[in-house]
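For reference, the chains in residue letters:
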Amino acid sequence: HSDEAPAAGAARLAATEQDLPTHPAFATMLRKQARMRREYMQKRAADAKEASTADRKRKLRTAVDEGRTVPTELRGEADALLAEMELNGAPGPSSSTPDLDSEYASAGVADPRILLTTSHDPSSRLVQFLKEMKLVFPNTSRMNRGGHTVKQIVETCRADGFTDLVVLQEHRGVPDGLVVSHMPHGPTAYFGLANVTMRHDIEGATNMSEAYPHLVIDNLTSKVGARVATILKHLFPVPKPDSKRVVSLVNRADLLSFRHHVYAREKADVHLYEVGPRFDLRLYQIKLGTIDQEEVENEWVLRPYMNTASKRRAL
């Protein structure tokens, strides 16, 4: 027994060391990701503080110019805000709303690259939907989910330079969810899927064009709506002016309808042909981190009482 104990201990120690990520390059990568995430969150907090200060200055300036009473919440700091405005000048339209969508500050420099995958054990219908969505988004790579965890997929996206991760979900063989996670730091938008119609179910569906599509975004006018438009439009690269492919995102009562067409000109007439697929999206959450991060701030969440407010619209 005295000879077996050291051998068994050595074997357990070797197995433990193999499980630990002790490679210097791996440790350096983790430190770099933590530092980049920390710097990004600090910048976002500073931008949010600047936006709040600019909004208070705007309210105070409006009250002073119109001769109205200073709002109650500003009375304690009115003198300090007025002094600061006199020193720096009143904030103009461009500085009153700093760009809080700084995650997309570099968008347009290079075309987006998307990794598209599904939930575990996808049905044949979800796999078919995955193949059709791969044709919808240009520059997309399709990944079979297999046994990969969300964290492993996110690390793959960061390592290989993907700009977005799109995950399709289902319930009993019916596609019912779409998640868009922007890399490397977020945001992540969660949508419910409804009324999904595949291309082969659309009568007279024409062939799929590989040209970059023009985008038609309608009625996303609120702050949350503009945020959703930013998240979705950056899944598509900038098209050429002569592209005859059109993707439409039309909001009606917080239900975002996705339609896909090509058009053809014949003399003075323009004919529109549906390509498919078609489906409806309903936003239910936006969080500031990536899809693998659970303890991050929610930017917007659909609450149960919002469903009963018939006149209130989020988008």
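Everything here concerns the structure above.
The following paragraphs examine the structure supplied in this document.

Parameters and conventions
Residues numbered from 1 in each chain as written. Predicted model: local features only at pLDDT ≥ 70, side-chain atom pairs only at ≥ 80, totals over all residues. Heavy atoms only, no water. Helix = DSSP H or I, 4+ residues; strand = E, 2+ residues; numbered from the N terminus. Buried < 20%, exposed > 50% of the residue type's maximum accessible area, 1.4 Å probe, protein only. Contact = heavy atoms within 4.5 Å. Areas by Shrake-Rupley, 256 points an atom, 1.4 Å probe, with all protein chains shown as cover. Expected span 1.5 Å × (residues − 1). Patch = residues over 30% accessible without salt bridge, like charges linked within 9 Å, V, L, I, M, F, W, Y side chains within 5 Å. Salt bridge = Lys/Arg side-chain N within 4 Å of Asp/Glu carboxyl O. Core = buried A, V, L, I, M, F, W, Y, C linked by side-chain atoms within 4.5 Å. 1 Å grid on protein atoms, 1.4 Å probe; cavity = no way out; pocket = protein on both sides within 12 Å on 5 of 7 lines; lining within 4 Å. Points joined across faces, edges and corners; volume = space filled by probe spheres on them. Nonpolar A, V, L, I, M, F, W, Y, C, P; charged D, E, K, R; others polar. Pairing = 2+ DSSP bridges. Right-handed = clockwise from strand over helix to strand, strands pointing away.

**Here's the deal with the overall build of the protein chain**
Piece 1. Looking only at helices and strands, the protein chain features seven helices and 11 strands.
Piece 2. Sorting the 315 residues of the protein chain into buried and exposed places 38% on the buried side.
Piece 3. Considering only intrachain contacts with a sequence separation of at least 6, the fraction spanning at least 24 residues in the protein chain is 66%.
Piece 4. Of the roughly 18500 Å² of accessible surface on the protein chain, 52% is carried by carbon and sulfur atoms.

**Quick word on helix α2 (residues 24-66)**
Piece 1. The end-to-end C-alpha separation of α2 is 63 Å, in line with the 63 Å expected for 43 residues at 1.5 Å each.
Piece 2. Listed in full, the buried residues belonging to α2 are Q33, R37, Y40, R44, D47, A51, T53, A54, K57, L60 and A63.
Piece 3. One or two residues past the end of α2 sits G67, with phi positive at roughly 70°.

**Observations concerning a nonpolar patch on the surface**
Piece 1. Together, F26, M29 and L30 make up an exposed nonpolar region whose accessible area comes to about 240 Å².
Piece 2. Along the polypeptide, M29 turns up in helix α2.
Piece 3. By relative accessible area, which is 33% here, M29 ends up partly exposed.

**Here we look at the nonpolar core**
Piece 1. Formed by 37 residues in total, the largest nonpolar core has its most connected members in F129, M133, L168, L178, F191, V228 and L283.
Piece 2. Counting residues in each nonpolar core, the second largest holds 12 residues, with M143, V154, V167 and M183 among its members.

**What about the layout of surface pockets?**
Piece 1. In this structure, the second largest pocket occupies an estimated 420 Å³ of space.
Piece 2. Put simply, the parts of the chain that give the lining of the second largest pocket at least two residues each are α2 and α6 (150-160).
Piece 3. Considering every element that reaches the lining of the second largest pocket, the biggest residue donor is α2, with eight residues.
Piece 4. Of the residues assigned to the lining of the second largest pocket, the class counts are nine nonpolar, six polar and six charged.

**Considerations on the pattern of salt bridges**
Piece 1. One pass over the full model with this rule turns up 11 salt bridges.
Piece 2. The salt bridge partner of D218 is R252, with a shortest N-O separation of 2.9 Å. Placement of the pair is D218 in strand β6 (residues 214-218) and R252 in strand β7 (residues 245-252), with a sequence separation of 34 residues.
Piece 3. Take D218: its relative accessible area is 30%, and that puts it in the partly exposed class.
Piece 4. Several salt bridges converge on common partners, so that one network encompasses D55, R58 and K59.

**Description of empty space enclosed by the protein**
Piece 1. This model, assessed by the stated rule, comprises one cavity of 30 Å³ or more.
Piece 2. One number sums up the size of the largest cavity: a volume of about 100 Å³.
Piece 3. Only β4 (174-182) and β10 (278-287) provide two or more residues apiece to the lining of the largest cavity.

**What about the environment of G108?**
Piece 1. In this structure, G108 sits in the loop between α4 (93-96) and β1 (114-118).
Piece 2. Looking at G108, the relative accessible area reads 62%, which means it is exposed.
Piece 3. Separated by 128 residues in the primary sequence, G108 and F236 have C-alpha atoms spaced 9.9 Å apart.

**What to know about the pairing of β1**
Piece 1. Of all five residues in β1, five are buried, a share of seventy percent or more.
Piece 2. Here β1 shows no split at all, with I114, L116 and T118 on one side and L115 and T117 on the other all buried.
Piece 3. In terms of strand pairing, β1 meets strand β2 (residues 140-142) through three bridges, oriented parallel. Residue pairing in the sheet places L115 in a bridge with S141 of β2.
Piece 4. In terms of handedness, the path from β1 via helix α5 (residues 124-136) over to β2 forms a crossover that is right-handed.

**Observations concerning the pairing of β7**
Piece 1. The element β7 is extensively covered by neighbouring structure, given that six of its eight residues are classed as buried.
Piece 2. Following the backbone out of β6, through helix α7 (residues 223-233) and into the adjacent parallel β7, one traces a crossover that is left-handed.
Piece 3. Bridge count for β7 against strand β8 (residues 255-266) is eight bridges, and the pairing is antiparallel. If you follow N251 over to β8, its bridge partner there is L256.
Piece 4. The loop that links β7 with its antiparallel partner β8 comprises two residues; one of these, A253, has a positive phi angle of about 55°.

**What about unusual backbone geometry?**
Piece 1. Cis geometry marks the peptide bond from G186 to P187; its omega dihedral reads 10°.
Piece 2. Inspection of the secondary structure puts P187 in the loop between β4 and β5 (188-197).
Piece 3. Its identity is not glycine, yet D121 carries a phi of approximately 50°, on the positive side.
Piece 4. As for its placement among the helices and strands, D121 is situated in the loop between β1 and α5.
Piece 5. According to the relative accessible area criterion, D121 is exposed, its value standing at 72%.
Piece 6. Of note in the backbone geometry, A253 takes a positive phi value of approximately 55° without being a glycine.
Piece 7. With respect to the helices, strands and loops of the structure, A253 is situated in the loop between β7 and β8.

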